Amino acid sequence: MLRLPKFRYLQPDSIGAAIRMMADNGPDAMFVAGGTDLYPNMKRRQQTPKVVIGLAQINDLRTTKGQLKDGVVLGANLTLSEVTDDSRIRHAYPAVARAAELISTPLLRNMGSIGGNLLLDTRCNYYDQNYEWRKAIHFCMKKDGDICWVAPSSPRCWAVQSSDCAPVMVAIGAKVKLVSSSGERMIPAAELYNDDGIRHLNKRPDELLTEIHLPAVNGWRATYWKLRRRGSFDFPVLGVAVSLKLSKDKTVEDSKIILGGVGSYPIEAATAEKIIAGKKLTEEIIREAAQAAYQPAKPLDNTDFAMTWRKEMARYYVAGTLRELAKL
Amino acid sequence: MAGNNGGKRSLRVVGKPFVKVDAKAKCIGELKFADDLFLPRMLHTKLLRSTVPHARIVHIDVSKAKAYPGVHAVLTGADLPPITYGALPVSEDEYPLAVGKVRMVGDPVAAVAAVDEDVATEALDLVAVEYEPLSVVTSIQDAYATAEPRIHEYGEFGNIHRRQAYEFGSIEAGFAEADYVREDITFYEGSTHLALEQHASLAQFSHDGKLTLWTSTQDMHYLHRHLAKVLQMPASHIRVIATPNGGGFGGKCDPFNHEIVVCKLAMVTGRPVKICLTREEVFYCHRGRHPVLMSTKTGYKKDGSITAMHHRTILDGGAYGGHGVASTFYTGILQPTTYKLPNYRFEAVRVFTNKAPCGPKRGHGTPQPRWAQEIQMDKIADQLGLDPAEMRKQHAIAPNSITANWIRIGTLSLRQCIDKVVAGSGWKDKFRKLAYGKGIGIACSAYMTGTQTPIYYNKLPHSGVQLKLDRSGGVCVFCGSAEIGQGSDSILAYIVAEVLGIDPFDIRVVTGDTDLTPVDLGSYSSRVTLMTGNAAIEAAERARHMLREAVAAKLEVPPERLSFADRRVFDSENPEKGVSFVDAVCLAEEKYGTLGTTGSYKPPAAPGKYKGATIGPSPAFSCTAAIAEVEVNPETGIIVVPRIWIAHDIGQAINPVLAVGQIEGCVYMGLGEALMEEMAYRGNRNLVHKFPSFLEYKSPTTLEMCDVITYLVEEPDANGPFGAKEVGQGPQLPVPPAIANAVYDAVGIRIDEVPITPDKVLKAIRAKAKGQEGRYGPSAFPTCPMPAAMVVPTPWQGGDGKALEGEPALTKK
Amino acid sequence: MKKVGKNGKRKLEKAHLRLRVNGEEVEVAFAPHKTLLEVLREDLRLTGTKHGCELGECGCCAVLVDGRPVLSCLALGVAMEGHEVTTVEGMAVGTELHPLQQTFAELGAAQCGYCTPGILLTAKALLEHIPRPSRDEIKEALAGNLCRCTGYIKILEAVELAAARMAGEKAEPAKETIYGWE
């Protein structure tokens, strides 16, 4: 049986207690919400905290607050099932509900949290392996080694941003609240992520993600399409989140087109956004935008599927999301 | 010979959907698999595995690990007798723990037994191994090109493990007779069993020198022999108990290093020792589907009849022999069992590479050649403008015939199977008539019901059954078969109940225990129902005879008038007159003393007499026809398979609901291999397995599984118990080619290798759009020097089953 | 690395907990880094809960926590205090099998039986949530439980049959389910 390494387990019952415990234990400690990302990583010895601070008993992390007209605040430790099952979320933020619903399996969604998904470790099939396997390739720079096996001449790590919710949160302009013993800050979801497989989060390890603020819908509409081999279990090898604001005559007033799963962070397809700005979403414009969105997708050979095919699919998926939102 | 009762009969148990004898234990969590066993003072084992693909072991230092608190023993190869073992006598090339060198990432090098798995894992880190790397053989091409270093010191030469060449009839004459000849090069990727249960074993060594091993094995008997050999103990002092297998599919047939290691550790420590492999380690055990590159050159006439076939295969065997020599035969030897094939030449090569060893997976060596032939048949029909279903039907092999390679076929209702799926699927309204993107395809196959030859040469029974009856009325069946989920325990109860006129739940079944049960060779080659079933019939008929004689004397009726039904033994002419089954047993016990009978089974001799003729023949052949419907998205290449119709000639279903379940399982596994399953390695990164995990080795979930419309075709075969033939493997074979053929119908492209992934589909669609060949697949077939073929005249050439004189030496010992 | 005390003995640091498992209070002491899966199997000897990967990638180890199916390989034993855990051993009431256990046996939905406990519990939770699920709803609910034997079909049929019976119908399996099509 693959087992967890030894650690001390703490169960604070408030956010205050949790950040105090973190401050007391320093870099040896990690927070755990659902455990569906951290525990497999610990079993594979990718992460080996000496102290694990479990968040399950903190009720403040499991509430949904706010009115739809002002936006909704999700507690970071709501399970993905709870987010998916919340009829208000389904109604007002279908892209969020959809992304959460497409994560892994029903069993895992009953455990994994929305906050945990946003903070999901980047993935790579040179990294998401048991200790012995990684030893056989002399490890990689993300853990215990000094090379990136996907791109050996590269100075950086190319592990892949694999959260389904991240591109959606970026696309809809959500904000996240980070709390630590030195204070709290609220940052746009887009600023949470870095283009680096190792330092993929603009979040200090001692900061606790407590809330996700979904902005008021205010005429925006959004969707999320996920590419993967199977209808469950699999992480996205491409995720396309699109959020649009259309005028009455269906002209695009504003948009966000975000690609997940094809880089180390949610990639904004800015050129494609420019192409559709001020235009009506005709088939021709959609094709042009999809072509432009396909350019920044840089999949490498470290996930499922052939990488060239994954890149190709960005075009198809971007077109599909735009068509869906334009109701073509 | 025990066997079927012939013709239509009134059966009360056979053919009825009785619940399996172990079903409820499985549904309430009561059934104990190997890892569910706990013994007092039990230690836990972890194996240190090689992190290099090919290397000499310069030095191993286990001193720190031995001194670690909680560790009770550390073993390396030096602590075991220097004796090799392996599934087949011709390739016993494995050590329980590496001796001298390692041949793949994952080869076990040292073993630790400790108080718990945590301590054992920690101690592994303290074992220091120094390796001297050797160059690595990554692929078929690599093996052909690399004479030195050799992965093994035996075999043909270089890294060629095995070569075989046969010619039955004359392909030259056959090709001359043909209107057309075509050659197709195809590839079938390797895949693994992925049984949900990870291999687990528990060994106990008692102070009277007896060893007991509980283990999740399909082939307890062979394991028993290997343990005796490697541990240098009399087999009579070793007891192997095959625990229920949490899935087998061929993956638990080989004797495994960890099984031997826990035995040795139990002997060294004097304590029970358990091991349960991690999922990653299960990938290293492997023994799954060989990747096979094939060239199939076929001559045919305008009506689609085949005049000759030259079929060549190259198997990437991985690091060890295992069942590989048999697998090599199977990549060609059953090719003549589906359609009439008058002249056939078969050449096969198996190479060693530094990857996990391949072996028997459901269909053992035959899904690959079926793939090659069935997609080629579709191309032939397309070229000739024939309906591929009709063409197959027209040229299906005749029942009760002998093939070019001297395999005797009994009943074979392939035409009825084709009729069933053609009618059920609405084939005639759909084939070449569906909208672009939707398609339908057909494929067929035949498969053996147990191999005629045991793995090591002997003239002993293949299966034995003992029956114990006593005055309680209780009947207990003992058989050495291994229950792997297919229902082999239940089959024994059904058959004995049928013969003795009692309820299956009146019977206790004891299986898979070398101390308690007579030898059965194991759960492989689709042999279990036929062989244990026939042995059970013989044992039960002998018991029935004793009961009948005793009751006849008591009732004063002629014995032949007595019937057995409804837990009674009665005068068939005067059913009122009779005794209860319990009383009948008492009467027999009174008359004969303590009651016990035995039955055994050995397959009939096959007509082939040439060297190698023992592989392929079987007491009975099943056959299958499958039609797949697919939807291909031409913009993404993504394939969805909504439905498969499948008809299987099972002879007689002993239990229809279990038979249908086996067919559905076969469709599932075929679907997985067709669309996604792949044993992939990083050739340029120390040849590690690309993704030894459930997450990244893709297997279909509920959401990918198609609907299955199953038809059981029942034409009893004289050699099967009540006419039964196999159902556990054959139905998988036509599934991948039916899907590939449906993809062609949908979008007009040929994908000549599995898995048929969307990137390949899209490439072929794009190529076709550009006016190039709409195909994805291998285009070259590397050659290696082959020995002269053994030439065997066919039955219609007046042959006698022997090879022509001057037979070349093909098999090196 | 293992902590070793001055006298060379390993330190014992067990959590001592009271858990509710299958409706019963049990007292159990175990190392705090043990998963619920390990505690159930090794400390409570409830070996009906199986394991296939210990990474949340197969669904074999599914149990119910407060009625919701979760992966016991990714839950800590110590985090279960105050929660109700149900394993396959807790499905039958006395000698009365749960309708799902009955229909799984009837239809041969348990071939090797190894994925069965996880699937039974996941299906039980589904039927408590949606008493008469459609085929698609069953597929969705069981999409996190791999099975390599059955192709899932008998499993889906057994869930449907159990649902019908739990709704009070005298349902029998379709003829095709048992005998194949004519």
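These numbers were taken from a predicted model, which means no experiment stands behind them.

S.K.: Sorry if this is basic, but what is going on with the overall build of chain A here?
M.R.: Looking only at helices and strands, one finds 12 helices and 12 strands in chain A. The C-alpha radius of gyration of chain A comes to 20 Å, within 12% of the 20 Å expected for a compact globule of 328 residues. Along the longest, intermediate and shortest principal axes, the C-alpha atoms of chain A span 60 × 50 × 35 Å. Counting the 328 residues in chain A, one finds 62% classified as buried. Here the analysis covers contacts within chain A between residues at least 6 apart in sequence; of these, 62% occur between residues at least 24 apart. Summed over its atoms, the accessible surface of chain A is roughly 12,200 Å², and 51% of this surface lies on carbon and sulfur atoms. Once the 46 positive and 36 negative side-chain charges of chain A are each reduced to a mean point, those two points are 2 Å apart.

S.K.: Mind showing me how you'd approach the interface of chain B and chain C here?
M.R.: Size of an interface, as often reported, equals the accessible area lost when the parts are brought together. With 66 residues of chain B in contact, the opposing surface of chain C contributes 55 residues. Surface buried jointly by chain B and chain C totals about 5,000 Å² across both partners, of which 60% is contributed by carbon and sulfur atoms. For chain B, the biggest contributors to the area lost against chain C are Cys 27, Leu 196 and Thr 702 of chain B; these three give 15% of the whole. The partner of Lys 50 of chain C in a salt bridge is Asp 36 of chain B, and the shortest N-O contact between them spans 2.3 Å. Breaking the side of chain B that touches chain C down by element, the ones donating at least two residues are α1 (23–27), α3 (117–124), α17 (656–675) and β30 (707–713) of chain B. If you tally residues by element for the side of chain B that touches chain C, the top one is α17 of chain B, at 10 residues. When its residues are assigned to classes, the side of chain B that touches chain C shows 33 nonpolar, 17 polar and 16 charged.

S.K.: Explain the nonpolar core to me, please; I cannot follow it from the model alone.
M.R.: Across soluble globular proteins, nonpolar side chains show a tendency to be buried alongside one another. One finds Leu 467, Leu 469 and Ile 739 of chain B together with Phe 104 of chain C to be the most contacted residues of the largest nonpolar core, which totals 159 residues. Those residues in contact with Phe 104 of chain C, other than ones at most four positions away along the chain, are Cys 27 of chain B together with Ala 109, Ala 110, Thr 116, Ile 119, Leu 120, Ile 155, Ala 158 and Val 159 of chain C. Counting 77 residues, the second largest nonpolar core, distinct from the first, contains Val 32, Leu 102 and Leu 192 of chain A together with Ala 15 of chain C.

S.K.: How do you make sense of the side chain of Gln 218 of chain B when you look at a structure like this?
M.R.: Residues and elements named next belong to chain B. Along the chain, Gln 218 falls in the loop between β10 (211–215) and α6 (220–231). A distance of 3.0 Å separates the side chain of Gln 218 from the backbone nitrogen of Gly 250, its partner in a polar contact. Side-chain polar atoms of Gln 218 contact the backbone nitrogen of Gly 251, separated by 3.2 Å. Residues contacting Gln 218, with those up to four places away along its chain left out, are Asn 245, Gly 248, Phe 249, Gly 250, Gly 251, Lys 252, Cys 253, Ala 482, Ile 484, Gly 522 and Ser 523.

S.K.: Looking at this structure, I do not really get the packing of helix α12 (residues 307–326) of chain A against helix α19 (residues 758–769) of chain B. What am I missing?
M.R.: If you want to describe how two helices pack, look at the angle between their axes and the distance between the axes. Put simply, α12 of chain A and α19 of chain B touch, their axes get as near as 9 Å, and they point 70° apart. On the basis of their axis angle, the class for α12 of chain A and α19 of chain B is roughly perpendicular. Taken together, the residues of α19 of chain B that come into contact with α12 of chain A (itself represented by Trp 309, Glu 312 and Met 313 of chain A) are Pro 758, Asp 759, Leu 762 and Arg 766 of chain B. Residues that form the contact of α12 of chain A with α19 of chain B fall into these classes: 4 nonpolar, no polar and 3 charged.

S.K.: Just to check I follow, could you spell out the packing of helix α5 (residues 94–101) of chain A against helix α9 (residues 165–172) of chain A for this structure?
M.R.: Residues and elements named next belong to chain A. For the pair α5 and α9, interaxial distance at closest approach is 9 Å and the crossing angle is 170°. In this view, α5 runs roughly antiparallel relative to α9, as classed from their interaxial angle. The residues of α9 that touch α5, namely those facing Ala 95, Val 96, Ala 99 and Ala 100, are Cys 165, Val 168, Met 169 and Ile 172. Considered class by class, the residues forming the contact of α5 with α9 number 8 nonpolar, no polar and no charged.

S.K.: I'm lost on the interface of chain B and chain A in this one. Help?
M.R.: On the side of chain A, 37 residues touch chain B, which itself brings 41 residues to the contact. Buried surface at the junction of chain B and chain A, both sides included, amounts to about 3,200 Å², of which 50% is carbon and sulfur. If you sort the residues of chain B by the area they bury against chain A, Arg 682, Arg 685 and Leu 695 of chain B come out on top, with a joint share of 18%. Taken together, chain B and chain A are joined by 7 salt bridges. Linking chain B with chain A are 18 residue pairs in polar contact (both at pLDDT 80 or more), by the criterion used here.

S.K.: Whenever I open this one, the sheet that holds strand β32 (residues 753–754) of chain B confuses me. Can you help?
M.R.: Pairing between the strands of a sheet is mediated by backbone hydrogen bonds and can be parallel or antiparallel. Residue and element names in this part refer to chain B. An order of β32-β8-β13-β14-β15-β7-β34 is seen for the 7 strands of this open sheet, with the pairing classed as mixed. Two strands in the sheet have a free side with no partner beyond their single neighbour: β32 and β34 (790–792). Running over the sheet, helix α10 (residues 367–384) touches β8 (180–188), β13 (292–300), β14 (306–316) and β32 and is turned about 140° from β8.

S.K.: Mind showing me how you'd approach the domain arrangement of chain B here?
M.R.: Residues and elements named next belong to chain B. Assigned domains of chain B: these are domain 1 (50–134 + 196–247 + 252–285), domain 2 (164–191 + 288–387 + 398–453 + 609–776) and domain 3 (460–601). Here the C-alpha centroids of domain 1 and domain 2 sit 36 Å apart. The junction of domain 1 with domain 2 conceals about 1,900 Å² of combined surface from both sides, 65% of it contributed by carbon and sulfur atoms. In this structure, the connection of domain 1 to domain 2 is made through 0 salt bridges. Between domain 1 and domain 2 we count 5 residue pairs in polar contact (both at pLDDT 80 or more) in total. Residues that form the side of domain 1 that touches domain 2 fall into these classes: 11 nonpolar, 3 polar and 7 charged.

S.K.: Please explain α5 of chain A as it appears in this structure.
M.R.: Count 3.6 residues to each turn of an α-helix, and residues three or four apart come out pointing the same way. Residues of α5 of chain A that are buried include every one of Ala 95, Val 96, Ala 97, Ala 99 and Ala 100 of chain A, and no others. Buried-residue contacts for α5 of chain A involve α3 (80–85), α4 (87–92), α6 (106–109), α9, β8 (208–215) and β9 (220–227) of chain A.

S.K.: Even after reading the chapter, I still don't get the sheet that holds strand β1 (residues 43–49) of chain B, so can you show me in this structure?
M.R.: All names here are of chain B. Strand order in the open sheet made by the 7 strands is β3-β5-β1-β12-β9-β10-β11, with mixed pairing throughout. What marks the edges here is a single partner per strand, and that holds for β3 (71–76) and β11 (238–242). This sheet shows a mean twist of 20° between the axes of neighbouring strands, independent of strand direction. For β1 and strand β5 (residues 108–114), the ladder comprises 6 bridges, and the chain directions are antiparallel. Bridge assignment links Arg 49 to a residue of β5, and that residue is Pro 108. Running at roughly 145° to β11, α6 makes contact with β10 and β11 of the sheet. Here helix α7 (residues 257–269) sits on the sheet in contact with β1, β3, β5, β9 (200–205), β10 and β12 (273–276), set at roughly 30° to β9.

S.K.: Just checking my understanding: could you explain the packing of aromatic side chains for this structure?
M.R.: For any pair of aromatic rings, the description consists of the separation of the ring centres together with the inter-plane angle of the planes. Using the criterion set out here, one finds 21 aromatic pairs over all chains in the structure. Considering the side-chain rings of Tyr 180 of chain B and Tyr 300 of chain B, the 5.6 Å spacing of their centres and the 25° angle between planes classify their relative orientation as stacked. Residue Tyr 180 of chain B is located in strand β8, and its partner Tyr 300 of chain B is located in strand β13; the two are separated by 120 residues in the primary sequence. Residue classification places Tyr 300 of chain B among the buried positions, given a relative accessible area of 1%. Pairing Tyr 222 of chain B with Tyr 456 of chain B gives two aromatic rings, centres 6.0 Å apart and planes at 90°, and the pair type is edge-to-face. Residue Tyr 222 of chain B is found in helix α6, and its partner Tyr 456 of chain B is found in the loop between β18 (438–448) and β19 (463–469); the two are separated by 234 residues along the sequence. Judged by its relative accessible area of 14%, Tyr 456 of chain B is buried. The structure contains a cluster of three or more aromatic residues connected by ring pairs, namely Tyr 166, Phe 168, Phe 329, Tyr 344, Phe 346 and Tyr 610 of chain B. In this structure, Arg 156 of chain A packs its charged tip against the face of Trp 158 of chain A, placed 3.7 Å from the ring centre. The ring centre of Tyr 744 of chain B lies 3.5 Å from the NZ or CZ of Arg 750 of chain B, which sits over that ring.

S.K.: I'm lost on helix α2 (residues 99–106) of chain C in this one. Help?
M.R.: Residues and elements named next belong to chain C. Among the 8 residues that make up α2, 6 are buried, leaving the element largely enclosed by the rest of the structure. For α2, the complete set of buried residues consists of Leu 100, Gln 101, Thr 103, Phe 104, Ala 105 and Glu 106. After α2 finishes, the residue Gly 108 shows a positive phi value of roughly 65°.

S.K.: What am I meant to see in the side chain of Gln 335 of chain B here?
M.R.: Structurally, Gln 335 of chain B can be placed in the loop between α9 (324–330) and β15 (344–351). Apart from the residues lying within four places of it in its own chain, the contact partners of Gln 335 of chain B are Met 309, His 311, Leu 341, Tyr 344, Pro 369, Arg 370 and Gln 373 of chain B.

Calculation notes
Sequence order as written defines the numbering, with residues in each chain counted from 1. Naming scheme: in the order in which they are written, chains are lettered from A and ligands are numbered from 1. Whole-chain, interface and lining totals are the exception, using all residues; otherwise, since this is a predicted model, local features are given only for residues with pLDDT of at least 70 and side-chain atom pairs are given and counted only at 80 or more. Think of the side-chain values as coming from all heavy atoms in the structure, minus any hydrogens and water. Helix and strand definitions here come from DSSP, where helices need a minimum of 4 consecutive H or I residues and strands a minimum of 2 consecutive E residues; each element is numbered from the N-terminal end. We compute the radius of gyration over the C-alpha atoms and compare it with the globule rule, which gives 2.2 Å times the number of residues raised to the power 0.38. To sort residues, take the accessible area from a 1.4 Å probe on protein chains only and compare it with the maximum for the residue type: under 20% means buried, over 50% means exposed, and anything in between is partly exposed. Should any heavy atoms of two residues lie within 4.5 Å, those residues are counted as being in contact. Working definition of accessibility: Shrake-Rupley area with a 1.4 Å probe, residue cover restricted to the visible protein chains. Asp and Glu are treated as the negative residues and Lys and Arg as the positive ones, with His and the ends of the chain left uncounted. Taken as the charge location is NZ of Lys, CZ of Arg, CG of Asp or CD of Glu. Two parts placed together each lose some accessible area under a 1.4 Å probe, and the buried area is that loss summed for both. Definition used for salt bridges: Asp or Glu carboxyl oxygen within 4 Å of a side-chain nitrogen of Lys or Arg. Each residue gets one of three labels, nonpolar for Ala, Val, Leu, Ile, Met, Phe, Trp, Tyr, Cys and Pro, charged for Asp, Glu, Lys and Arg, and polar for the others, Gly among them. We call a set of buried residues a nonpolar core when its members are Ala, Val, Leu, Ile, Met, Phe, Trp, Tyr or Cys and they connect through side-chain atoms within 4.5 Å of each other. The definition of a polar contact used here is a pair of N or O atoms within 3.5 Å, where within protein one atom must be able to donate a hydrogen and the other to accept one, and adjacent residues in sequence count solely through side-chain atom pairs. Angles shown run from 0 to 180 degrees and are taken between the N-to-C directions of axes, each axis being a line fitted to C-alpha atoms and, for helices, limited to the stretch in contact. Angle categories: roughly parallel below 35 degrees, roughly antiparallel above 145, roughly perpendicular from 65 to 115, and oblique for all the rest. What makes two strands pair is DSSP finding at least two bridges between them. Segmentation of the chain into domains, including their bounds, is taken from an automatic or database domain assignment. In this analysis, rings of Phe, Tyr and Trp, with Trp reduced to its six-membered ring, are considered paired at centre separations within 6.5 Å, and the interplanar angle assigns stacked below 30 degrees, edge-to-face beyond 60, and tilted for intermediate values. Two conditions define a charge sitting above a ring: the NZ of Lys or the CZ of Arg must be within 6 Å of the ring centre, and it must be within 35 degrees of the ring normal.

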